[in-house]
Amino acid sequence: MKKDSVTAILLVGVGGQGTILASKILSEGLVSAGFDVKMSEIHGMSQRGGSVSTQIRYGSKVNAPIVGRGEADIIIAFEKMEALRWLEYLKPGGKMIVNDFEIPSAPILTGEAIYPEGILEELSAKADVTVLRAAEIAEGLGNARTMNIVLLGAAAKAVSSASVALGNVEWDAILRKNMKPAFLDVNRKAFAAGFGA
Amino acid sequence: MSERRLMTGNEAAARGAWEAGLAFASAYPGTPSTEILENLAEYKSDLYAEWAPNEKTAMEAAIGASMAGVRSLAALKHGGVNVAADPLFTFAYTGVNGGMVLVSADDPGLHSSQNEQDNRHYAEAAKVLMLEPSDSAETLEYMKLGFELSERFDTPVMLRMTTRICHSKSIVTLGERTPAPHKIYERNIRKFVATPANARAMRAKLTERLEQELSYANAEAVRVGVNRIERASEPGEGERIGVVSAGAAYQYARDVFGGRASYLKLGLTWPMPIDLIREFAEEVDKLYIVEELDAFMETRIKAAGIDCVGKERIPVWDELNTDIVRFAVFGERAETLNSDMKAVPRPPTLCAGCPHRGLFWGLSKRKNVLVSGDIGCYTLGSAPPLSSMDSCFCMGGSIGAGHGAAKAFKESGQDARVAAVIGDSTFFHSGVTGLMNAVFNGSNIVTVILDNRITAMTGQQQNPGSGFTLTGEAAPEVDIPELCKAVGIREDRIRVIDPLDLNAVNKALDEALADDAASVIVTRRPCVLKRFSERDLLEFGEPRGVCVVDEEKCTRCKLCVKTGCPAIYGGGDTVFINENMCTGCGVCEQVCPFDAISLKE
């Protein structure tokens, strides 16, 4: 029914994790490769520690800016439970990159609910899952706040294999445009670590 | 070659207004429209942009600027248009001098709103022309067109966006700024003074104008491509399908119906080009109306005797998307991967270190107090575990509704008091009139003004109390206690406290609730996300260390967990504080009955 010329990516996480910046850089890379790109994000109340998603669709011509259930070719989950929450958006046969990182939500903090155990096993049984320990990688680089850029690197790697044009994106130039000079170097390393992971 | 850039609808709206030669813009922040003014501020060398205390003030300022002869803009969220509706309806009568565009940013799906309203009805009710873009490129284009049409038809123009248009990025081709010539202002009493005698003449003119606009919508708008027919690229055999759509819904319709349908894509949706729709309907066998929220187009299309399928299939509320439209029309759903394992909900919370937490902790311990809430981050004080709010209606409504409740409690002999909680920006917006009413009419409401020195919920915007303007210039600050005094609150009934000092919170609440009179508590402490100004640093100091739990002393009573701080983990057998999140606010330290929490510098 739908032309398969559009690829859909979801970046999901928790408000404050930096999914929006990562999505912005990823989208700019896709534009530089000559694609039509639409990206959608929600600001506002959900940012206060709520579940957040940014959605990217790219191809020769993109209409809707949002990704439907069963439509995402790639999901990059910045938090493990969010990967589970968004699983139904993954296209059967799609790829999921999951950060092995837990942020307990309010009902878990207060003891009303328990953080689900065995998420990675469950996801791996259902889909093509790559697990990344982005927090450890970022801490290893000396700046825990670069975790989102490690995940961005992994996302860039995942899209790069999709087409020749994407293999030639100058990610470094796009990073430089979006980073404060003082943090450029560590973010470059973070990106490279994610890309190579 | 002109530059192509990925832009949100809000960025494109600002860009389009700048390219159109905009000279004046005003707004009150409100999701999803906030970033329009923030982006206009980037062009401050070419134009003037400001935050107003509320949407009515913003609209009035834009009207004044238009009257004085420049192109002006007001950018409001849907509820904000309610506040600004009074001047809008009359401005539609007087018409403009410089072109004026009102952006209405609706929020289907209530991503960050207290209601879901369809502001297309305003275009009809106020009798103004309406444009509805379906992506960022159209937002830029329609903004420029809006100014042209505003001046051509002598009317304010409404540019109606939705969250998905405002906050989605798509590719935009940038143009240059064409400075609009400033029109010379001349007194014109019959045009701008809406007395009954003048307004009757204006009303007659308005009817003529709508006729002209309608003929533009049916004909010229098609020639310029704002209203356009896109014929099926893969028509196939059988039934010819036609779709009438506008805004974000058009994009979903495109993905669902693809090349086998023809589309009438409307960019100018009011006055509704019914002749054009009829013409299109005659080309097809089956006509679908795909629109988000109300049956705005459908009702009028059906009333014109045109057979179509709409809201009997497509939901009448919530944000649409491709899935919803596909299922509604074809009954098809994509195959999905499902798991029996369920993710625990992740509702938004007050931040770690949020100054509101101390106040809500104090309020949560009170019995027989109705807490009348308002719009802002602090509405999250209604969420568990604090759960200390009874109501929230609209901007500034806490004091007004609280006053009525306080009077009703007395009249009906119910033993209860009322505390209204309202942010600094919301108080300036329209809370101060409620406080005037409470004093004037003698109620005993306790008004708590949560002065966090910024407009926080929408992402740190300046306001009349924060000391800076939209464009970063120093500005006089409203003195909240003095303002309350001027309204008539007795000086000894105005208590300014630090909300992170729980003793001060409790003392202020005790005293205010023991006193059968209207009083004010100002909780003065900057938002934890605020970038401190030099003055903030002087008054409030540098951030403190982090709080740590002494496991020896901790009895796992988990009272600290009940503060709802996202940095405190109390789910298992131990209680610990996430050092990466903790700001050392000290609320948990004061709450702990066993001295088990201490501050580590």
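Residues numbered from 1 in each chain as written. Chains lettered and ligands numbered in written order. Predicted model: local features only at pLDDT ≥ 70, side-chain atom pairs only at ≥ 80, totals over all residues. Heavy atoms only, no water.

Undergrad: Would you mind going over the environment of Arg240 of chain B with me for this structure?
TA: Residues and elements named next belong to chain B. Tracing the sequence through the fold places Arg240 in the loop between β9 (227–230) and β10 (241–245). Exposure remark for Arg240: the relative accessible area of 45% places this residue in the partly exposed category. Residues Arg240 and Ala221, spaced 19 residues apart in sequence, show a C-alpha to C-alpha distance of 25 Å. Those residues in contact with Arg240, other than ones at most four positions away along the chain, are Glu283, Val284, Asp285 and Lys286. Within polar-contact distance, the side chain of Arg240 engages the backbone oxygen of Glu283 at 3.1 Å. (Helix = DSSP H or I, 4+ residues; strand = E, 2+ residues; numbered from the N terminus. Buried < 20%, exposed > 50% of the residue type's maximum accessible area, 1.4 Å probe, protein only. Contact = heavy atoms within 4.5 Å. Polar contact = N/O pair within 3.5 Å; in protein donor to acceptor, adjacent residues only side chain to side chain.)

Undergrad: Looking at this structure, I do not really get the domain arrangement of chain B. What am I missing?
TA: By a widely used convention, the size of an interface equals the accessible area lost when the partners come together. Here chain B is partitioned into domain 1 (4–222), domain 2 (227–330), domain 3 (356–540) and domain 4 (546–600). Look at where the C-alpha atoms of domain 2 of chain B and domain 4 of chain B centre, and you get two points 56 Å apart. (Domains from an automatic or database assignment.)

Undergrad: Honestly, helix α13 (residues 322–330) of chain B in this entry has me stumped. Any pointers?
TA: Given 3.6 residues to a turn, an α-helix orients residues that are three or four positions apart in the same direction. All names here are of chain B. Looking only at α13, the buried set comprises Thr322, Asp323, Val325, Arg326, Ala328 and Val329. For α13, the capping residue at the N-terminal end is Asn321, with a side-chain oxygen 3.0 Å from the backbone nitrogen of Asp323. Within two residues after α13, Gly331 carries a phi angle of roughly 65°, on the positive side.

Undergrad: Looking at this structure, how should I read the interface of chain B and chain A?
TA: Each side of the interface is counted separately: chain B has 58 residues, and chain A has 60 residues. Surface buried jointly by chain B and chain A totals about 4900 Å² across both partners, of which 61% is contributed by carbon and sulfur atoms. At the junction of chain B with chain A, the criterion picks out four salt bridges. Among the secondary structure elements, those contributing two or more residues to the side of chain B that touches chain A are α7 (163–166), β8 (168–173), α10 (247–257), α13 and β21 (568–569) of chain B. No other element matches the five residues that α10 of chain B contributes to the side of chain B that touches chain A. Across the side of chain B that touches chain A, the residue classes break down as 25 nonpolar, 18 polar and 15 charged. Relative to β8 of chain B, strand β2 (residues 36–41) of chain A is paired through two bridges, and the arrangement is antiparallel. Each residue of the ladder has a partner; that of Met39 of chain A, found in β8 of chain B, is Lys169 of chain B. (Buried area = accessible area lost by both parts, 1.4 Å probe. Salt bridge = Lys/Arg side-chain N within 4 Å of Asp/Glu carboxyl O. Nonpolar A, V, L, I, M, F, W, Y, C, P; charged D, E, K, R; others polar. Pairing = 2+ DSSP bridges.)

Undergrad: Explanation requested: the packing of helix α6 (residues 147–160) of chain A against helix α9 (residues 181–196) of chain A in the structure shown.
TA: The relative placement of two packed helices comes down to the angle between their axes together with the axis-to-axis distance. Residue and element names in this part refer to chain A. Where α6 meets α9, the closest approach of the two axes is 6 Å, and the angle between their N-to-C directions is 45°. In terms of their interaxial angle, α6 and α9 are classed as oblique. In the crossing of α6 with α9, the sense of the turn from one axis to the other is right-handed. For the pair formed by α6 and α9, the contact residues are Ile149, Val150, Leu152, Gly153, Ala154, Ala156, Lys157 and Ser160 on the first element and Asn187, Ala190, Phe191, Gly194 and Phe195 on the second. In the contact of α6 with α9, the residues fall into eight nonpolar, four polar and one charged. (Axes fitted to C-alpha atoms, helices over the stretch in contact; angles between N-to-C directions. Parallel < 35°, antiparallel > 145°, perpendicular 65-115°, else oblique. Left-handed = near helix turned anticlockwise from the far one by under 90°.)

Undergrad: Would you mind going over the pattern of salt bridges with me for this structure?
TA: One pass over the structure, following the stated rule, counts 60 salt bridges over all chains. What you see here is one network of salt bridges that share partners, running through Asp106, Asp118, Arg120, Glu132, Arg160 and Glu291 of chain B.

Undergrad: Which parts of the structure should I look at to understand the packing of aromatic side chains?
TA: Taken as a whole, this structure holds 14 aromatic pairs over all chains when the rule is applied. Of the aromatic side chains, those joined through ring pairs into one cluster are Trp171, Phe191 and Phe195 of chain A. We note Lys265 of chain B situated over the ring of Tyr250 of chain B; from NZ or CZ to the ring centre the distance is 5.6 Å. Directly above the aromatic system of Phe296 of chain B lies the positively charged group of Arg300 of chain B, at a separation of 4.2 Å from the ring centroid. (Phe/Tyr/Trp six-rings, centres within 6.5 Å; stacked < 30°, edge-to-face > 60°. Lys NZ or Arg CZ within 6 Å of the ring centre and 35° of its normal.)

Undergrad: Could you clarify how one ought to interpret the side chain of Arg177 of chain B in this entry?
TA: Residue and element names in this part refer to chain B. Relative to the elements of secondary structure, Arg177 occurs in the loop between β8 and α8 (189–192). At a separation of 2.8 Å, a polar atom in the side chain of Arg177 contacts the main-chain carbonyl oxygen of Trp18. Within the local environment of Arg177, its side chain forms a polar contact with the backbone oxygen of Asp46, the two atoms lying 3.0 Å apart. Sequence-distant contacts of Arg177, defined by excluding residues within four places in its chain, comprise Trp18, Glu19, Gly21, Leu22, Asp46 and Leu47.

Undergrad: When you look at unusual backbone geometry in this model, what are you seeing that I'm missing?
TA: Trans is the common state for peptide bonds, and a negative phi is the common state for residues other than glycine. Residue and element names in this part refer to chain B. Here the residue pair Trp270 and Pro271 is connected by a cis peptide bond, since its omega of 0° sits within 30 degrees of zero. Along the chain, Pro271 falls in the loop between β12 (268–270) and α11 (274–283). Of note, Leu293 is a non-glycine position whose phi angle comes to about 70°, a positive value. Assignment of secondary structure puts Leu293 in the loop between β13 (286–290) and α12 (296–303). With a phi close to 75°, Asp318 is a non-glycine residue in the positive phi region. For Asp318, the location among the structural elements is in the loop between α12 and α13.

Undergrad: Help me understand the state of the cysteines in this model?
TA: All names here are of chain B. Summed over all chains, the structure comprises zero disulfides over all chains. Sulfur of Cys351: no disulfide; nearest cysteine sulfur belongs to Cys354 and is 6.2 Å away. Left without a disulfide partner, Cys547 is nearest to the cysteine sulfur of Cys588, which lies 4.1 Å away. (Disulfide = S-S within 2.5 Å.)

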